[in-house]
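# An overview of the molecular structure
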Amino acid sequence: MMAQLASRQSFRPGRDLLWPICYWAPVAFIFAWAVWQRFKLPLNPIADPDTWGYLSPALRKLTGAEFGHSQSRNFLYPGFLYLVLRCFGDFRAIGVVQHLLGLAAGGLFLLTWRRVRAFVSDSLVNPSLHDAFGLAGAAIYLLASDTIRTETQLRPEGVCAFLISINLYFAVQFISCSFLEHRRTGAIVCGSATVLTSLLLASAKPSFWFAAIVVMVPVTAFFFRQNWWRQKIALGLAIAVTAALVLWPERILSRKDAESQTFLPAMLFVIHADLIRDQMAEDLKENAHLPYSREWLERVYAVLNSEIGKSQTNYPGHYPSLKFNPEYLWFDPSSITTQLRREFGSNVSALCDFYRFYYWRTWQRRPFRALQKVARQFSIYYYPNCPAYAPMKIWPLMDVYERAVTSLDSEDYRKIARSLPALTDFMQRTKSLAENAPATKQQGLLRHVLADLAVSYLSLLLLALILSAIIFWKQARWRRLRWLAAFVLFGSAYNAASCLEVAIVNSLEVHRYITVQLYATLLTQFLAFWLILEFALDITRRRHTIARDLVAPL
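Now for a look at the structure at hand. Just so it is clear, the structure is predicted and the values come from calculations on it, not from any experiment.

Phe269, Leu340, Phe354 and Leu423 are the most contacted members of the largest nonpolar core, which totals 155 residues. Sort the elements by how many residues they give to this core and helix H26 (residues 518-551) lands first, with 14 residues. Apart from the residues within four sequence positions on either side, leucine 340 is in contact with Phe269, Trp296, Val300, Leu351, Phe354 and Tyr355. Membership of the second largest hydrophobic core comes to twelve residues, among which are Cys177, Cys190, Val219 and Ile239.

What follows is the structure, given as structure tokens:
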């Protein structure tokens, strides 16, 4: 019965003619509903304590100063904010553009889903049923509250879903042109676009650098294929030019931002502060030969141990997987990083060398505990429920805008607002919304769907990975599913690479590192379900064939 339900022969020609109407009408309805869900909300983007680093370069440029780095933030998202404010002169335009990009990401979900079908020859899943699955996935993405909430933020997460969607779409197109359809010009164009979107994504949100490496695997495989020498040379040149256009401006602009040098080393130090403290204690106990004096190291150890204790006392429950609050160690005016900056004075490179020295020494001397930390972070994402799916019921916008008012309440903003009316209007609207912004509610059906997806994510993924291993092990039997299995592995690696990077350098308890992965997680889970369904239908068909062959002689 399952085979009959999913088989292409189970639909009559008359029904097949009606399917385009049955498909595109829901598409139009879902996108119209998604537009309504977005634009019924206040369009004023939501600020937070990190907003200054992204917004200040644009504000400086708009008031006649030089565009440049601030707080070690890449130039791409600040440049995007500058262009939007320059063109429209209203902060609400940022919310509009980010919502439109989010809608575009939903459209790209549908295009990617339909494109992947070309890789499955003789699919047992009816094309209409396949399209319905893709439409369900796009609807979940477009209507989820976390998707809409992310698009309202004044930070790069607001555009990351679009960058992820276009990156994965071009990656699928490149694989198709290079290895399935053998279209040489298309391979060059899509390969160049894949590299460009990977660099844009990783530059806008550095937690995707490992994911960008995963996307580069099929691009690298292209250079190992036989012949196509002209195309290889053309793609290599395109990659070099693309990398220069994206990375070189960043290198130039970061030279004038002192925090660009200290940002990553300081983050690695505070995130691993407990391991580094224990390693310092061991070094002092063993009187290890180090490039730092024992007296100075004893003082640093005492301060670090004390500050970790203060973070546990002052912020209980924050970062439970780490059991201390690294943000306190990093940003509190009296904490360890502030004291170390005073110790090293203007010698920023020496301070960074100290951070890096003890980070790497901890990995060398305590690899098991460092790996335990990474494993704990992975468990946040994969077990027991995937937090990328947030079945939240109420989103209290008043609370969000109240925190935004606090973030904007600084002399830096007030100083620029005096000469930039658009910023003054933005700050006034934020204050007004803190008093009367509506609360939004996520529909009950969608909450249940998201909860089911969260619960089933790990089990579906593991089953799909097991089936993928079987498919590649017995290629003669399962040859038609090898590309679908490869895409499941690709999507799984894409998510895992992002999680791994965050697990190493930060913590997945920072929710924005998780919500930004919703698009890739949802697409991968739907691909996994499709693979499982194809596998089950194939086994059912084979059993029916064997049973029919046994009965036929009788």
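This part is about the pattern of salt bridges. Tallied over the full model, the rule gives 31 salt bridges. Note that arginine 512 and glutamate 157 form a salt bridge whose closest N and O atoms lie 3.8 Å from each other. Residue arginine 512 is located in helix H25 (residues 512-515), and its partner glutamate 157 is located in helix H8 (residues 157-180); the two are separated by 355 residues in the primary sequence. Using a relative accessible area of 28% as the deciding quantity, one classes arginine 512 as partly exposed. Note that arginine 294 and glutamate 298 form a salt bridge whose closest N and O atoms lie 3.2 Å from each other. With arginine 294 and glutamate 298 both in helix H14 (residues 294-314) and four residues apart, the pair spans about one turn of that helix.

Once that is clear, we can look at empty space enclosed by the protein. This model, assessed by the stated rule, comprises three cavities of 30 Å³ or more. Of the volumes computed, that of the largest cavity is approximately 120 Å³. Surrounding the largest cavity, 15 residues form its lining, Tyr141, Thr147, Thr150, Ala161 and Thr515 being those nearest its centre. Within the lining of the largest cavity, the residues separate by chemical class into seven nonpolar, five polar and three charged. Of the pockets and cavities examined, the second largest cavity occupies roughly 100 Å³. Taken together, Thr112, Leu168, Val172, Phe487, Phe490, Gly491, Tyr494, Ala520, Leu523, Thr524 and Leu527 make up the lining of the second largest cavity.

Thresholds applied
Residues numbered from 1 in each chain as written. Predicted model: local features only at pLDDT ≥ 70, side-chain atom pairs only at ≥ 80, totals over all residues. Heavy atoms only, no water. Core = buried A, V, L, I, M, F, W, Y, C linked by side-chain atoms within 4.5 Å. Buried < 20%, exposed > 50% of the residue type's maximum accessible area, 1.4 Å probe, protein only. Helix = DSSP H or I, 4+ residues; strand = E, 2+ residues; numbered from the N terminus. Contact = heavy atoms within 4.5 Å. Salt bridge = Lys/Arg side-chain N within 4 Å of Asp/Glu carboxyl O. 1 Å grid on protein atoms, 1.4 Å probe; cavity = no way out; pocket = protein on both sides within 12 Å on 5 of 7 lines; lining within 4 Å. Points joined across faces, edges and corners; volume = space filled by probe spheres on them. Nonpolar A, V, L, I, M, F, W, Y, C, P; charged D, E, K, R; others polar.

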